[in-house]
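# Analysis of the macromolecular model
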Amino acid sequence: MTRIRQGYIARRRRAKIRLFASSFRGAHSRLTRTIIQQRIRALVSSHRDRDRQKRDFRRLWITRINAVIRESGVSYSYSRFIHNLYKRQLLLNRKILAQIAIFNRNCLYMISNEIIK
């Protein structure tokens, strides 16, 4: 009995996997088993780092706001500033506040002075 060649289904599946790993270096883009392992690893890392990126940006925004707030008043801190924002029911998120702190400090000073009153 003659040997039957491998079907196109498996070849199509491997080709799809290879497309994902085409930019990887060395055996990570050539060997099917290694490609599958690296693909799993890459997807796990990207999922984990999406959450980490959100965390890192929030920390950056808080640091920027805190730096500008502390310049304006010696006894005034970030936590008091945010607390007063919530008390006054001003709905400005940290990203917007950080952008205001960088590009228009006077505006942030005005906001903080209005909140204190």
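The rules behind these values
Residues numbered from 1 in each chain as written. Predicted model: local features only at pLDDT ≥ 70, side-chain atom pairs only at ≥ 80, totals over all residues. Heavy atoms only, no water. UniProt positions renumbered as here; feature names shortened; annotations may be inferred. Helix = DSSP H or I, 4+ residues; strand = E, 2+ residues; numbered from the N terminus. Rg over C-alpha atoms; globule rule 2.2 N^0.38 Å. Buried < 20%, exposed > 50% of the residue type's maximum accessible area, 1.4 Å probe, protein only. Salt bridge = Lys/Arg side-chain N within 4 Å of Asp/Glu carboxyl O. Core = buried A, V, L, I, M, F, W, Y, C linked by side-chain atoms within 4.5 Å. Contact = heavy atoms within 4.5 Å.

If you look the chain up in an unreviewed UniProt entry, it shows as Large ribosomal subunit protein bL20c from Trapa natans. You can read under Subcellular location (unreviewed entry) in the UniProt record for the chain the words "Plastid, Chloroplast". UniProt, in the comment section headed Function (unreviewed entry), describes the chain in these words: "Binds directly to 23S ribosomal RNA and is necessary for the in vitro assembly process of the 50S ribosomal subunit. It is not involved in the protein synthesizing functions of that subunit."

## Examining the overall build of the chain
Broken down by element type, the chain carries five helices and zero strands. Going residue by residue from the N terminus, the α and β elements of the chain occur as α-α-α-α-α. Radius of gyration (C-alpha) of the chain: 26 Å, far over the 13 Å computed for a compact globule of 117 residues. Each principal axis of the C-alpha atoms in the chain carries an extent, and together these give about 95 × 30 × 20 Å. Here the chain, with 117 residues, has 23% of them falling under the buried criterion.

## Overview of the pattern of salt bridges
Taken as a whole, this structure holds three salt bridges when the rule is applied. The shortest N-O distance in the salt bridge between Arg48 and Asp49 comes to 3.2 Å. The exposure class assigned to Arg48 is partly exposed, which follows from its relative accessible area of 40%. Each of the salt bridges in this network shares a partner with another, and the network as a whole consists of Arg48, Asp49 and Arg52.

## Overview of the nonpolar core
Grouped together as the largest cluster of nonpolar side chains are 15 residues, with contacts concentrated most on Ile65, Phe81, Leu85, Leu97 and Leu108. Mapped onto this core, the elements with two or more residues apiece are α2 (32-72), α3 (78-87), α4 (94-103) and α5 (105-116). Those residues in contact with Leu85, other than ones at most four positions away along the chain, are Leu90, Leu97, Ile111 and Ile115.

## Digging into the environment of Val68
With respect to the helices, strands and loops of the structure, Val68 is situated in helix α2. Relative accessible area serves as the criterion here: at 4%, Val68 is assigned to the buried category. Taking C-alpha positions, Val68 is 13 Å from Asn113, a pair spaced 45 residues apart along the chain. In this structure Val68 touches Ala101, Arg105, Leu108 and Tyr109, once residues within four positions along its chain are discounted.

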